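Chain by chain, the residues:
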Amino acid sequence: MRHKKGLESIFMTQFAGRLACGIAAAALLAGSAIAQSDLGREDMVPGGQQYGGPQPAQLERPQPAPTPAQTPSPRPSEAFDAAFPRMVSEPVVQGGMELPAPLVQPWTIANATKLVAVIEGIGAEGLDPADYDLQPLKVALASGPSEELDALASQSFVWLVEDLRDGRTPMDAREQWFVVDPDRDLLRTGDLLAEAVASGDIAGTLAKLHPTHPDYARLREELAKTPESDAAKRKLIRANMDRWRWLARDLGPQYLITNVPEFQLRLTVKDRIISTYRTIVGKPGRTATPQLAEMVEGVVFNPTWTVPQSIVKGEGLGAKVLANPAWARRNGYVGKRGADGYISVVQQPGPGNSLGQMKLEMPNPHAIFFHDTPSRHLFASEVRALSHGCIRTERALELAITMAILGKGATKEEAVAISTSGKYTKVMLEKQFPAYITYFTMASDINGEMATFKDIYNRDAPVLASLDKPRVRNRSNLPTDEVIVIEDDLQDS
């Protein structure tokens, strides 16, 4: 799976040894250097934005064969020992593999008093003090230090960590949510508990869990100034604050983020919007666009489109293409019939291609990606839930060239030449970009104003309902919804 580090990845990490660590460190350093050099240069991309200067292109090109080593080959046993050194007295401890601190730890009266104060004020974060056993904790606190106080205070702290870090909403209320939040592994509960009781900074330790995106703080401010009498608005604010907790606390220095109900895509650097693009998203129902966090690995210029069988067979396109070669050529279709009678149809690059002039390479089990469209008049529509799930993007060629330059996959000159060549070309990115497909019904709009957006997929109801129920304990952080593979039927809208 795309997000999960299961047994296979752990096995590989353990046996890759120091060589893998060295490669990973080099890659991280290179990525950091790229991120620092992306802005403030003289080269321009479409739309007038300034980005990084010319760099060697990272295109799909044949690579020269490596020169054979001139030194004698080691014996098999020596090669094995060099690759996988035996651990005698110094076992290698993998990062993040250390045992977590225990979930029950001793509490002083001072620390427990600070914890009570945090719980009493947790409403400012859109959470409910009643969820954290406040009254039993106060009773135990009044009785002085005890094992009961240690257990109750630790339990309340752990629940606060879970809700502030992972979100209070249980998975069965997150419709078509497929993001696995990495924060549970990065900010482990027991370690935070140990830090809090050792430092005495209970509030400060918990505050480290707040999402860093500016919109979370803006929603918190909106909640503070909304009167208690406006219960519906307060509840909507709380639901959307929690949605930020479902994501990684820090989205990264450079990323794409789209808010589906807003029909807008943002290219963001250090939480600052560089460019915005109107979008067309999935129709309500089974083709509604899911919520994802994926990596953009490359840009495909002048893409081909493999026509789904719902059109090839269901609408008779396959038979028409084979029976009318001249018509097929005019429309860019190439059809083939297999020995078993199966007909496949691929639309070639061209002005009428249903994917337009580009798509972003973003592998995921849902087959969702960002792409262009020849039906650009649809971006003028106010409500743009029209597609079969994929996200069609306004000014898509500008976005593609920008991504290729920022990702150091091509220089400006190379990207422009490739885009105008009319030939299918995949430009792989040296620096990959996170892409977040989100669903906020209250958020800052592209003008920076707090706004509400129509709940086009009716995803608010289960989240709002969960706020009225007791918090779910011992809940999973793995998505539970059905993975719907999008069949990108691009002809009907």
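Summary of the structure given here.

Calculation notes
Residues numbered from 1 in each chain as written. Predicted model: local features only at pLDDT ≥ 70, side-chain atom pairs only at ≥ 80, totals over all residues. Heavy atoms only, no water. Buried < 20%, exposed > 50% of the residue type's maximum accessible area, 1.4 Å probe, protein only. Helix = DSSP H or I, 4+ residues; strand = E, 2+ residues; numbered from the N terminus. Pairing = 2+ DSSP bridges. Salt bridge = Lys/Arg side-chain N within 4 Å of Asp/Glu carboxyl O. Contact = heavy atoms within 4.5 Å. Polar contact = N/O pair within 3.5 Å; in protein donor to acceptor, adjacent residues only side chain to side chain. Axes fitted to C-alpha atoms, helices over the stretch in contact; angles between N-to-C directions. Parallel < 35°, antiparallel > 145°, perpendicular 65-115°, else oblique. Nonpolar A, V, L, I, M, F, W, Y, C, P; charged D, E, K, R; others polar. Arc of directions from axis to C-beta. Phe/Tyr/Trp six-rings, centres within 6.5 Å; stacked < 30°, edge-to-face > 60°. Lys NZ or Arg CZ within 6 Å of the ring centre and 35° of its normal.

Brief notes about the pairing of strand E1 (residues 254-259)
Line of reasoning, step 1. Of all six residues that make up E1, six are buried, and the element is covered over most of its length.
Line of reasoning, step 2. Going residue by residue along E1, you find Gln254, Leu256 and Thr258 tucked away on one face and Tyr255, Ile257 and Asn259 tucked away on the opposite face as well.
Line of reasoning, step 3. Linking two consecutive strands that pair antiparallel, namely E1 and strand E2 (residues 264-269), is a turn of four residues; a positive phi of about 60 degrees is found at Phe263 within it.

Section: the environment of His366
Line of reasoning, step 1. Here His366 is to be found in the loop between strand E8 (358-361) and strand E9 (370-371).
Line of reasoning, step 2. Along the chain, His366 and Gly389 lie 23 residues apart, while their C-alpha atoms are 9.0 Å from each other.

A look at the pattern of salt bridges
Line of reasoning, step 1. For the structure on display, the rule yields 23 salt bridges.
Line of reasoning, step 2. Between Arg243 and Asp460 there is a salt bridge; the shortest N-O distance is 2.8 Å. Highlighted residues: Arg243 in helix H10 (residues 231-246) and Asp460 in helix H16 (residues 460-467), separated in sequence by 217 residues.
Line of reasoning, step 3. Take Asp460: its relative accessible area is 9%, and that puts it in the buried class.
Line of reasoning, step 4. We note a salt bridge from Lys426 to Glu361, for which the minimum N-O separation is 3.4 Å. Remark: Glu361 occurs in strand E8 and Lys426 occurs in strand E12 (residues 425-438); sequence separation between them is 65 residues.

Some details on unusual backbone geometry
Line of reasoning, step 1. One non-glycine residue with positive phi stands out, namely Arg395, at about 50 degrees.
Line of reasoning, step 2. One can find Arg395 in the loop between strand E11 (391-393) and helix H14 (396-406).
Line of reasoning, step 3. A relative accessible area of 37% means that Arg395 is categorised as partly exposed.
Line of reasoning, step 4. Its identity is not glycine, yet Asn474 carries a phi of approximately 55 degrees, on the positive side.

Points about the environment of Thr373
Line of reasoning, step 1. Mapped onto the elements, Thr373 comes out in the loop between E9 and strand E10 (385-387).
Line of reasoning, step 2. Among the residues examined, Thr373 registers a relative accessible area of 2% and is labelled buried.
Line of reasoning, step 3. Once the C-alpha coordinates of Thr373 and Lys359 are considered, the two residues, 14 residues apart in sequence, prove to be 9.6 Å apart.
Line of reasoning, step 4. Filtering out sequence-adjacent residues up to four positions away, Thr373 remains in contact with Ser354, Leu355, Gly356, Phe379 and Arg392.
Line of reasoning, step 5. Within the structure, Thr373 has its side chain in polar contact with the backbone nitrogen of Ser375 (distance 3.0 Å).

Observations regarding the packing of helix H5 (residues 147-166) against H10
For any two helices packed against each other, one specifies the inter-axial angle together with the distance between the axes.
Line of reasoning, step 1. At a minimum axis distance of 6 Å, the contact between H5 and H10 shows a crossing angle of 90 degrees. It follows that H5 is roughly perpendicular to H10 by the angle criterion. For the pair H5 and H10, contact is made by Asp163, Leu164, Arg165 and Asp166 and by Asp242, Arg245 and Trp246, respectively.
Line of reasoning, step 2. Of the residues that constitute the contact of H5 with H10, the class distribution is two nonpolar, no polar and five charged.

Here we look at the environment of Gln309
Line of reasoning, step 1. Here Gln309 is to be found in helix H11 (residues 309-312).
Line of reasoning, step 2. Considered as a pair, Gln309 and Ile343 are 34 residues apart in the sequence and their alpha carbons are 8.5 Å apart.
Line of reasoning, step 3. Among the polar contacts listed, one links the side chain of Gln309 to the side chain of Tyr342, at a separation of 3.1 Å.

Description of helix H4 (residues 134-142)
Line of reasoning, step 1. Where H4 is concerned, the buried positions are Leu134, Leu137, Ala140 and Leu141. Projected onto a plane normal to the axis of H4, the buried residues spread over an arc of 125 degrees and lie on a single side. More than 90 degrees from the buried face of H4, the exposed residues found are Gln135, Val139 and Ala142.
Line of reasoning, step 2. On its buried face, H4 is in contact with helix H3 (109-120) and H5.

Some remarks on helix H15 (residues 412-419)
Line of reasoning, step 1. Taken residue by residue, H15 has Ala415, Ile418 and Ser419 as its buried positions. Each buried residue of H15 sits inside an arc of 95 degrees when the element is viewed along its axis, so together they form one side.
Line of reasoning, step 2. Structurally, H15 contributes buried residues whose contacts are with strand E4 (292-301), H14 and E12.

What about the packing of aromatic side chains?
Line of reasoning, step 1. Counting across every chain of the model gives six aromatic pairs.
Line of reasoning, step 2. An angle of 80 degrees between the planes, with centres 5.7 Å apart, marks the rings of Tyr255 and Tyr436 as edge-to-face. One end of the pair, Tyr255, is in strand E1; the other, Tyr436, is in strand E12, and 181 residues separate them in sequence. There is no split in this pair, since Tyr255 and Tyr436 are both buried.
Line of reasoning, step 3. Sitting above the plane of the Trp327 ring, Lys320 keeps its charged end 4.2 Å from the centroid.
Line of reasoning, step 4. A cation over a ring is seen here: Arg459 above Tyr439, with NZ or CZ 5.0 Å from the ring centre.

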